[in-house]
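Survey of secondary and tertiary structure
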Amino acid sequence: MFIQKAWRTAAFGVYGFTQFTKSGFLEHAKKFREEDMQIRLDGKNCLVTGANSGIGFATAEGLASHGATVYMLCRNKERGEAALNQIRSKTGNENVHLEICDLSSISEVKSFATKFTSMDKPLHVLVNNAGLLEHKRETTAEGLELNFAVNVAATYTLTELVTPLLEKAAPNARVITVASGGMYTEPLNKDLQFSEENFDGTRQYARNKRVQVALTEWWAEKYNNGVGFYSMHPGWADTPGVAKSLPGLSEKLSGNLRSNDEGADTVLWLALQPKEKLSSGAFYFDRAEAPKHLKFAGTAASHSQINSIVDSIRSICGLPALG
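Residues numbered from 1 in each chain as written. Predicted model: local features only at pLDDT ≥ 70, side-chain atom pairs only at ≥ 80, totals over all residues. Heavy atoms only, no water.

The name given to the chain in an unreviewed UniProt entry is Dehydrogenase/reductase SDR family member 12, and the organism recorded there is Urochloa decumbens.

**Observations concerning the environment of G281**
Considering the arrangement of structural elements, one finds G281 in the loop between α10 (260-272) and β7 (283-285). As for G281 and F229, which are separated by 52 residues in sequence, their C-alpha atoms are 5.4 Å apart. (Helix = DSSP H or I, 4+ residues; strand = E, 2+ residues; numbered from the N terminus.)

**Comments concerning the environment of A64**
By the element assignment, A64 lies in helix α3 (residues 54-65). Residue contacts for A64: discarding those within four places in its chain leaves V70, I87, T91, N93 and V96. (Contact = heavy atoms within 4.5 Å.)

**Here's the deal with the sheet that holds strand β8 (residues 288-289)**
Hydrogen bonds between backbone groups are what pair the strands of a sheet, and the pairing can be parallel or antiparallel. What the 8 strands build is an open sheet, ordered β3-β2-β1-β4-β5-β6-β7-β8; its pairing is mixed. The outermost strands of the open sheet, each flanked by one partner alone, are β3 (96-100) and β8. As judged from the 3 bridges shared by strand β1 (residues 45-49) and strand β4 (residues 125-128), these two strands associate in the parallel manner. The residue bridging C46 from the neighbouring strand is V125, located in β4. Relative to the sheet, helix α4 (residues 77-91) contacts β2 (69-74) and β3, its axis offset from that of β3 by approximately 170°. (Pairing = 2+ DSSP bridges. Axes fitted to C-alpha atoms, helices over the stretch in contact; angles between N-to-C directions.)

**Considerations on the pairing of strand β5 (residues 173-178)**
Of all 6 residues in β5, 6 are buried; the element is thus mostly enclosed. Burial along β5 is two-sided: the face carrying A173, V175 and T177 and the face carrying R174, I176 and V178 are both buried. Bridging between β4 and β5 involves 4 bridges; their strand directions are parallel. Of the residues in β5, the one forming a bridge with L126 is V175. You can see the chain leave β4, run along helix α6 (residues 146-168) and come back into β5, and the turn it takes is right-handed. Where β5 meets strand β6 (residues 227-232), 6 bridges bridge the pair, whose relative direction is parallel. Looking at β6, one finds that I176 is bridged to Y230. In this view, the connection linking β5 to its parallel neighbour β6 by way of helix α7 (residues 201-222) has right-handed handedness. (Buried < 20%, exposed > 50% of the residue type's maximum accessible area, 1.4 Å probe, protein only. Right-handed = clockwise from strand over helix to strand, strands pointing away.)

**Quick word on α10**
In this model α10 runs 18 Å from its N-terminal to its C-terminal C-alpha over 13 residues, within 8% of the 18 Å that 1.5 Å per residue would give. Along its length, α10 shows its largest kink, about 35°, at T266. The buried fraction of α10 amounts to 11 of the 13 residues, a majority that puts the element mostly inside the structure. Residues E262, G263, A264, D265, T266, V267, L268, W269, L270, A271 and L272 constitute the buried set of α10. (Expected span 1.5 Å × (residues − 1). Bend = angle between axes of the 7 residues up to and from the residue.)

**Some points on the pattern of salt bridges**
If you walk through the whole model with that rule in mind, you get 18 salt bridges. Put simply, E61 and K90 hold a salt bridge, and the shortest N to O gap is 3.4 Å. Residue E61 is located in helix α3, and its partner K90 is located in helix α4; the two are separated by 29 residues in the primary sequence. Among the residues examined, E61 registers a relative accessible area of 17% and is labelled buried. (Salt bridge = Lys/Arg side-chain N within 4 Å of Asp/Glu carboxyl O.)

**What to know about the packing of α7 against helix α11 (residues 306-316)**
It is the contact of α7 with α11, at a shortest axis distance of 10 Å, that shows an interaxial angle of 105°. In terms of their interaxial angle, α7 and α11 are classed as roughly perpendicular. On α11, the residues that touch V211, A214, L215 and W218 of α7 are I306, N307, I309, V310 and I313. Its residues assigned to classes, the contact of α7 with α11 shows 8 nonpolar, 1 polar and no charged. (Parallel < 35°, antiparallel > 145°, perpendicular 65-115°, else oblique. Nonpolar A, V, L, I, M, F, W, Y, C, P; charged D, E, K, R; others polar.)

**Here we look at α7**
Taking 1.5 Å per residue as the helical rise, α7 with its 22 residues ought to reach 32 Å, and the 31 Å between its terminal C-alpha atoms agrees with that figure. Here α7 starts with a cap whose side-chain oxygen sits 3.0 Å from the backbone nitrogen of T202, and that cap is D200. (Polar contact = N/O pair within 3.5 Å; in protein donor to acceptor, adjacent residues only side chain to side chain.)

Set out below in structure tokens:
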């Protein structure tokens, strides 16, 4: 077990330094097709979580620049309004709206979903972007470990509750979940809230991101409803979140981290492509399908646990058991 973990970490380091950096993006971009990004989204409704900064902001701005009606889901009203005004001003698109919700609160997620679904509009694109990496173990007012609450519980609950709106937009609706290359270092783990001693926020974040990738597979298998489900990772981008949560990485790769726009590039690409070009349940990186597991890392077999993990998430979030 220890040897496998050490191998995963080493393999991830080498893979990351060659692929996830700005230089990796510039290399991969040589194969990008300009016409892929010339598709318009006029009349399409898009919801982006964590949209006031970093990759979420770049995604919301990108979608707005392609003519979409964008709903920015943010925790902080002041920062959200500043981001909203900036996007409207830069894109000239007035169909950009701010929604306030603290994703660490599952009751707030449910209230928002009830309000949002009552508008009864088709939802063409849901981008699960909001993420958190807290190094110390903190619990929310609802008793959930904070990283898990935002990264997994809120992502799952929101996606499930807005599915009726996604179905209205079928067959072109899609859910895009922003995961992380860090998930390569961890298998699925049933201890969703990291109750072990010696809490490690970086490991918990990686575990959460592994759950997101496995959930994307699960959704793709569960829903045969014209909704496509895709996970992706943005590489190592110079976001406020990375600077705050991983200052060592930020410093070490100074000058070789991706811009927010480069980090958001594949999210936007996934939102724009005809569904025939994409594979539901797949994991994407730099506009191409990417492996979900590193060779010899021993993480693939763990995905067989996803059904029981979904049952646990539903129970924790107070959602009815699946039949």
